[in-house]
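Listed here are the chains, written in short residue letters.
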Amino acid sequence: MPVTAPSTSPRFVVDCPTRPILDQVADKWTMMVLAVLEEPTRFNEIRRQLEGVTQRVLTQTLRRLERNGLVVRRVLETSPVGVEYSLTPLGESFREPFTRLYEWALAHSDEIQEFQRAYDARNA
């Protein structure tokens, strides 16, 4: 089997177009917002379902999702005016891999917490 020298070029270049996308997808609030958006949902309802999120962080997260084409924002002609968010077709297409990741996290959370406790005990 031939041995090849390691590449001297970086695997992930600074301007790689996947970086901002992966950065957002890896963000905890993004993942939680996507889980909440099973159907069109108003801003305050999203916020109520995400304990600990601030209005500022939720707004930033939703704007990034909208900018990346995963979420659409719709102004409701109500009094007072409301805003509703829903997944775009691109956002819907992310549900399958997201759901698999979420299910993996649920299935392994106890095991990971045990590893965390053991690590913390060794490094205390």
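What you see is a predicted model; the values in this text were computed from it and never measured. (Residues numbered from 1 in each chain as written. Predicted model: local features only at pLDDT ≥ 70, side-chain atom pairs only at ≥ 80, totals over all residues. Heavy atoms only, no water.)

Asker: Which residues make up the side chain of Ser-86, and what values go with them?
Answerer: Relative to the elements of secondary structure, Ser-86 occurs in strand 3 (residues 82–87). The class of Ser-86 is buried, set by a relative accessible area of 17%. Ignoring sequence-local partners within four residues, the contact set of Ser-86 consists of Pro-40, Leu-70, Val-71 and Val-72. (Helix = DSSP H or I, 4+ residues; strand = E, 2+ residues; numbered from the N terminus. Buried < 20%, exposed > 50% of the residue type's maximum accessible area, 1.4 Å probe, protein only. Contact = heavy atoms within 4.5 Å.)

Asker: Please set out the sheet that holds strand 1 (residues 41–42) residue by residue, giving values where relevant.
Answerer: Note on sheets: strands pair through backbone hydrogen bonds, and any given pair is parallel or antiparallel. Pairing is antiparallel in the open sheet, where three strands are placed in the order 1-3-2. What marks the edges here is a single partner per strand, and that holds for strand 1 and strand 2 (71–76). The sheet contact formed by strand 2 and strand 3 spans six bridges and is antiparallel. Within strand 3, the position partnered with Val-75 by the bridge is Val-83. (Pairing = 2+ DSSP bridges.)

Asker: Provide a residue-level description of the packing of aromatic side chains, including the pertinent values.
Answerer: What the rule picks out here adds up to two aromatic pairs. Geometrically, the ring pair formed by Phe-94 and Phe-98 is tilted, given 6.4 Å between the ring centres and 35° between the ring planes. Seen in terms of ring centroids, Phe-98 and Tyr-102 are 6.1 Å apart; in terms of plane orientation they differ by 20°. Their pairing is stacked. Taken as a pair, Phe-98 and Tyr-102 lie in helix 6 (residues 95–122) at a separation of four residues, close to a single helical turn. On the accessibility criterion, Phe-98 (7% relative accessible area) is buried. Aromatic ring contacts, followed pair by pair, group Phe-94, Phe-98 and Tyr-102 into a single cluster. (Phe/Tyr/Trp six-rings, centres within 6.5 Å; stacked < 30°, edge-to-face > 60°.)

Asker: Go over the packing of helix 1 (residues 18–25) against helix 4 (residues 55–67) with me, naming the residues and quoting the values.
Answerer: The interhelical angle for the contact between helix 1 and helix 4, taken along N-to-C directions, is 140°, at an axis separation of 11 Å. One element, helix 1, and the other, helix 4, form an angle in the oblique class. Note that helix 1 runs across helix 4; the crossing there is left-handed. Contact residues: helix 1 offers Pro-20, Asp-23 and Gln-24, while helix 4 offers Thr-61, Arg-64 and Leu-65. (Axes fitted to C-alpha atoms, helices over the stretch in contact; angles between N-to-C directions. Parallel < 35°, antiparallel > 145°, perpendicular 65-115°, else oblique. Left-handed = near helix turned anticlockwise from the far one by under 90°.)

Asker: Go over a nonpolar patch on the surface, please, and point to the residues and values.
Answerer: Residues Leu-101, Trp-104 and Ile-112 make up a contiguous nonpolar surface patch of about 290 Å² in total accessible area. If you trace the backbone, Ile-112 turns up in helix 6. (Patch = residues over 30% accessible without salt bridge, like charges linked within 9 Å, V, L, I, M, F, W, Y side chains within 5 Å. Areas by Shrake-Rupley, 256 points an atom, 1.4 Å probe, with all protein chains shown as cover. Salt bridge = Lys/Arg side-chain N within 4 Å of Asp/Glu carboxyl O.)

Asker: How would you sum up the nonpolar core? Please name residues and give values.
Answerer: Ranked by size, the top nonpolar core spans 17 residues in total, and within it Val-33, Leu-37, Ile-46, Leu-50, Leu-58, Leu-62 and Tyr-85 carry the most contacts. Only helix 2 (28–36), helix 3 (43–49), helix 4 and strand 3 provide two or more residues apiece to this core. Considering each element in turn, this core owes the most residues, four residues, to helix 2. Those residues in contact with Val-33 that sit more than four places away from it in its chain are Ile-46, Leu-50, Leu-58, Thr-61, Leu-62 and Leu-65. (Core = buried A, V, L, I, M, F, W, Y, C linked by side-chain atoms within 4.5 Å.)

Asker: An account of unusual backbone geometry is requested, with residue identities and associated values reported.
Answerer: Following Ser-79, the chain continues to Pro-80 via a peptide bond in cis, the omega torsion being 0°. Here Pro-80 lies in the loop between strand 2 and strand 3.

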